[in-house]
Structure formats: C-alpha cells, structure tokens
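In case you want the letters, here they are:
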Amino acid sequence: MGDYINNWWHGFLEWAAGTTVTWADLTVAGIILAASIVFAFLFSRLLSRLMLRMAHFSAGDLDDRIISAARGPVTALIILAGAYIAATFPLHLADTVQDVVNRIAALIAIVIGAFMITAASGAVIYWLEELLESSDPENAGNWALPLARRGVMIVVVAMSAMVSLDILGINISPLIAGLGIGGLAVALALQPTLSNLFAGTYVITEGVVSAGDYIEMENGVTGYVVDVNWRSTRLRTWTNNLVVIPNSRFAETIITNFSKPDEHVNVFLTCGVAYESDLQMVEAVSMEVMQKVEREHPGVVQDYGVYFGYDTFGESNIDFWLFMQAADRLASFEVRTELIKQLHARLASEDITINYPVRTLHFPDGWTPQDGQPTPPPPITGRQAPAVRSRSHLPSDAPGGGGDGPDV
C-alpha cells in the first residue's frame, strides 16, 4: 500500500511538472463543477419536492419515505459525477493520476451507495413497523424488524468494505475464504441460538400468540404470554411464576390459545336430577336461572343467548347441561360459580333432588351384613381333590433338580 501511494505521488509530481493544462481548461473544469453543484441543489430543493408531491397521489406513504431517504445520497452522487468529469475531461491527467482519480471516485461512490441502500432499507423497515403496529398493536414485532435493519446495515457495510479493498488493489480472496470458514464455524456454534431466532420470527409473524394471551401447551404448561423476544417466549402462570420457553421448542409444540380468535369463553355446566323429578319443571327452572345470571352478571355475553338440553340417563340421575358465554376467561369462572349457586338454591326450593351416587348390593341367601360372618364356601363334590406331591418325588433329572428340595 505504501509503495502504491509513493508511486502515485511521484506520478503526480511528474504530471504537474510536465502538464499542459491552461487557464481555459481550469475554467472549463470549474464551470462543470459549479454546474453539477447547482444541479444538485435544484434536485434537492425542487425536483425531489416535486417527486414527493407526485408520490402523495399514490396509496400509502412508502414511496414518500424512500424518496426522502434517497434524496441526500443522490445529491452527493450528482456532485461526485460533476467533480469526476471536471477532473478528467478538460485537464488531460496522466495515466497514473487518472488511475488514482478513478479509484478515489469509485470508493466515494461505494460509500454513497452504501448510505443510500441503508437509508432506503431503513425507511422500508420503519414503514413495516408502523404498518404492523397499526394493524395489530399487540403483535408489532418490536424486536424482529429492528434486528433485520441492523442485519441489512452489517451486510451492506461488509460488502462495501470488501469491494473497496478490491478497488485499492488488495487481494480479498483469502479474506473471503477465511470469512466462509469462520462463518461456518460460527453457524455451527450458534445453531441453537439461530434456531431460536428463526422460530421466534415465525411465532411473531404468524400471529399465533400475542402478549396477554392465555395459552396452554402440549406438556401442560399454562399461563399468560408476557413477552416473545428473539430467544424465548415467557409465560406468567397462575401462581405468578415466570416460565421461560426456548422459541425452538415453543414453535414445535401444540398450543391452545384461549384468547383467540376472540376473548369470549363458553361456559358449559353439567348437572343431574333424580329420576322422579318433573323434567319440564327442571328445564323451566334452569332457563330462569340462566336468564337471571345473564341479566345481572356483567361478565355474560348477552347477545350469545342461553341454552339447555338433557344429556343422558345416568347411573343415579338424569343428566342435563347448561350453556352460555362469558366475556373472557376470568369472567367464565365467575359465571360458572354464580350458575352453580343459583341453580342449587332453586332446585332445593322446588324440592328437586340431585341424587348422590347410588349402588345396589346383592348378598348370598341366608347372610346379611348384620351377621358379620360370610357364608362358608360349598364343599367340593363329584371328584376327589388331587394329591399334592412333594418335590422329593420328582426324578433327579427334572428341571431344577430333585432330591430333598422344598415341597411344591
């Protein structure tokens, strides 16, 4: 690199000593540079504003953001182009100096292009963040999109640096090979972390769960979703404990979300009355109880309605069910409690019996539980019980051996 700069400096001195540049050439170069600056100013002040006004007629403001983000880099590129033309066209530079000017212009153009790509991609990602937040405030992806923005910036800077080194004459092939091997090693070492990262991105973009949802996992873990970040999903259980689940496992398990598609929870209550009960009366009483709870309890969804039906002939009762809907999961417990209390009170006031489980026991003839002694088993008749032979009667070559072993 030092030799390259030294050769360039000597070439510049030789060009300066033997140049034939006149004041007219310098005047032309100055005019070209001034014209580029004026055009860049007009673009920044007038043309870009005109483009923004035209973009206002389109749906959305994404194009407005992109134009605003690219206005500064495009202005710099216009000035760079004017300076390059002014330095090369009228001044008739030597080959060594022209080579240096070309490299410097290329480096500046790469830096400006990197700023333009970063600014435009940042504008697009910001627009996506606002769009997701407005459509679903609970699932705005508050970490995934900023992480993507940083990733784009790192990739652009890395590529710009490698292209710049190549323009300066530095061989980047060993660097690329080393980065490939190092990237493979890092990817293998960070495989669990990367799997959690991509799984977390899937969980957020899919919209399966959001902060505040009450969920139940396949392994029985239940709780409210506190946060979904790049590595894990956090749940708060009923005992007010925090459960941290890696996203890779969270994305592969079966999840029941009690808060989606909406927060309404169906309340299904089963009961039973004695076979001697008046079933018409039971149905009327149950409907009155549900309608009363529907009117008085604020946690009931009144538009859903109340429903009653008989289920089956049980072992001790005729079973029936009551069905209504609560506003959310917490309200469902209150509604169920109120239903049980009021239904029990009304059935008791109407002398309608809810039986306990009943079993009928049949005992042998001639024996009752008061006797305290079971009936002896009948004697064996019709054949003689087989004689029990001891192990000593077995032959000596029998399995397990013979001789004076224990009786079988």
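A. Here's a closer look at the overall build of the chain. The secondary structure content of the chain amounts to 10 helices and 8 strands. Relative to its 408 residues, the chain shows a buried fraction of 30%. Within the chain, counting contacts between residues at least 6 apart in sequence, those at least 24 apart form 62% of the total.

B. Representation of the environment of G314 within the structure. Assignment of secondary structure puts G314 in the loop between β7 (307-313) and β8 (318-326). Given a relative accessible area of 19%, G314 falls into the buried group. It is 9.4 Å that separates the C-alpha atoms of G314 and Y275, two residues lying 39 residues apart in sequence. Leaving out residues up to four positions away in the same chain, G314 has contacts with Y275 and D319.

C. Broad picture of the sheet that holds strand β4 (residues 242-246). On the basis of which strands lie adjacent, the open sheet formed by 5 strands has the order β4-β3-β2-β1-β5 and antiparallel pairing. Looking at which strands have only one partner, the edges of the open sheet turn out to be β4 and β5 (255-257). For this sheet the average axis-to-axis angle between neighbouring strands, irrespective of direction, equals 40 degrees. Where strand β1 (residues 214-217) meets strand β2 (residues 222-228), 3 bridges bridge the pair, whose relative direction is antiparallel. Counted as the bridge partner of E216 is T222 from β2.

D. Geometry of the packing of aromatic side chains. By the definition in use, this model includes 14 aromatic pairs. Between F308 and Y310, the ring centres sit 5.1 Å apart and the planes meet at 85 degrees, which makes this aromatic pair edge-to-face. Positioned above the aromatic ring of F258 is the side chain of R329, whose terminal nitrogen or guanidinium carbon lies 4.6 Å from the ring centre.

E. A look at the side chain of S332. Topologically, S332 is positioned in helix α10 (residues 329-349). Ignoring sequence-local partners within four residues, the contact set of S332 consists of V265, V267 and A326.

F. Just the sheet that holds strand β6 (residues 265-273), in detail. Read across the sheet, 3 strands follow the order β6-β8-β7 without closing on themselves; strand pairing throughout is antiparallel. The sheet is open, and its two borders are formed by β6 and β7, each paired with just one other strand. Strand-to-strand, the axes of this sheet are offset by a mean angle of 25 degrees, without reference to chain direction. Judged from the 6 bridges that link them, β7 and β8 form a sheet pairing that is antiparallel. In the strand pairing of β8, F313 is matched with I318. Lying on the sheet, α10 is in contact with β6 and β8; it crosses β6 at an angle near 20 degrees.

G. Just the environment of S286, in detail. Mapped onto the fold, S286 is located in helix α9 (residues 279-296). It is 6.7 Å that separates the C-alpha atoms of S286 and L343, two residues lying 57 residues apart in sequence. Leaving out residues up to four positions away in the same chain, S286 has contacts with F308, F320, L322 and L343.

H. Geometry of the packing of α9 against α10. It is at 10 Å that the axes of α9 and α10 come closest, and there the two elements cross at 140 degrees. Comparing the axis directions of α9 and α10 gives the class oblique. Here α9 runs over α10; the crossing is right-handed. Of the residues in α10, those touching α9 at V285, S286, E288, V289, M290, K292, V293 and E296 are V335, E338, L339, Q342, L343, R346 and L347. Of the residues in the contact of α9 with α10, the class split is 8 nonpolar, 2 polar and 5 charged.

I. Here's a closer look at the confidence of the model for the chain. Of the residues in the chain, 70% reach a pLDDT of 70 or more, and the chain-wide mean stands at 76. Note that pLDDT drops below 50 for residues 387-408; the model gives that stretch 19 contacts with residues more than four away or on any other chain.

J. Quick peek at the pattern of salt bridges. In this structure the tally under the stated criterion is 3 salt bridges. Here E288 ties to R346 by a salt bridge, and the two come within 3.0 Å at their closest N and O atoms. Here E288, found in helix α9, pairs with R346, found in helix α10; they are 58 residues apart in sequence, far enough to count as distant. With a shortest N-O distance of 3.7 Å, K341 and E338 are connected by a salt bridge. Of the two residues, K341 and E338 are both situated in helix α10; the distance of 3 residues between them amounts to about one turn of the helix. If you follow the salt bridges from partner to partner, you end up with E288, R346 and E350 in one network.

K. The arrangement of unusual backbone geometry in detail. The phi dihedral of N240 is positive, around 65 degrees, even though this residue is not glycine. Tracing the backbone shows N240 in the loop between β3 (232-236) and β4. The exposure class of N240 is exposed, given its relative accessible area of 58%. The backbone of D351 shows a phi angle near 55 degrees, a positive value even though the residue is not glycine. As for its position among the elements, D351 is in the segment after α10. For D351, a relative accessible area of 69% translates into the label exposed.

Analysis parameters
- Residues numbered from 1 in each chain as written.
- Predicted model: local features only at pLDDT ≥ 70, side-chain atom pairs only at ≥ 80, totals over all residues.
- Heavy atoms only, no water.
- Helix = DSSP H or I, 4+ residues; strand = E, 2+ residues; numbered from the N terminus.
- Buried < 20%, exposed > 50% of the residue type's maximum accessible area, 1.4 Å probe, protein only.
- Contact = heavy atoms within 4.5 Å.
- Pairing = 2+ DSSP bridges.
- Axes fitted to C-alpha atoms, helices over the stretch in contact; angles between N-to-C directions.
- Phe/Tyr/Trp six-rings, centres within 6.5 Å; stacked < 30°, edge-to-face > 60°.
- Lys NZ or Arg CZ within 6 Å of the ring centre and 35° of its normal.
- Parallel < 35°, antiparallel > 145°, perpendicular 65-115°, else oblique.
- Left-handed = near helix turned anticlockwise from the far one by under 90°.
- Nonpolar A, V, L, I, M, F, W, Y, C, P; charged D, E, K, R; others polar.
- pLDDT = per-residue confidence, 0-100.
- Salt bridge = Lys/Arg side-chain N within 4 Å of Asp/Glu carboxyl O.

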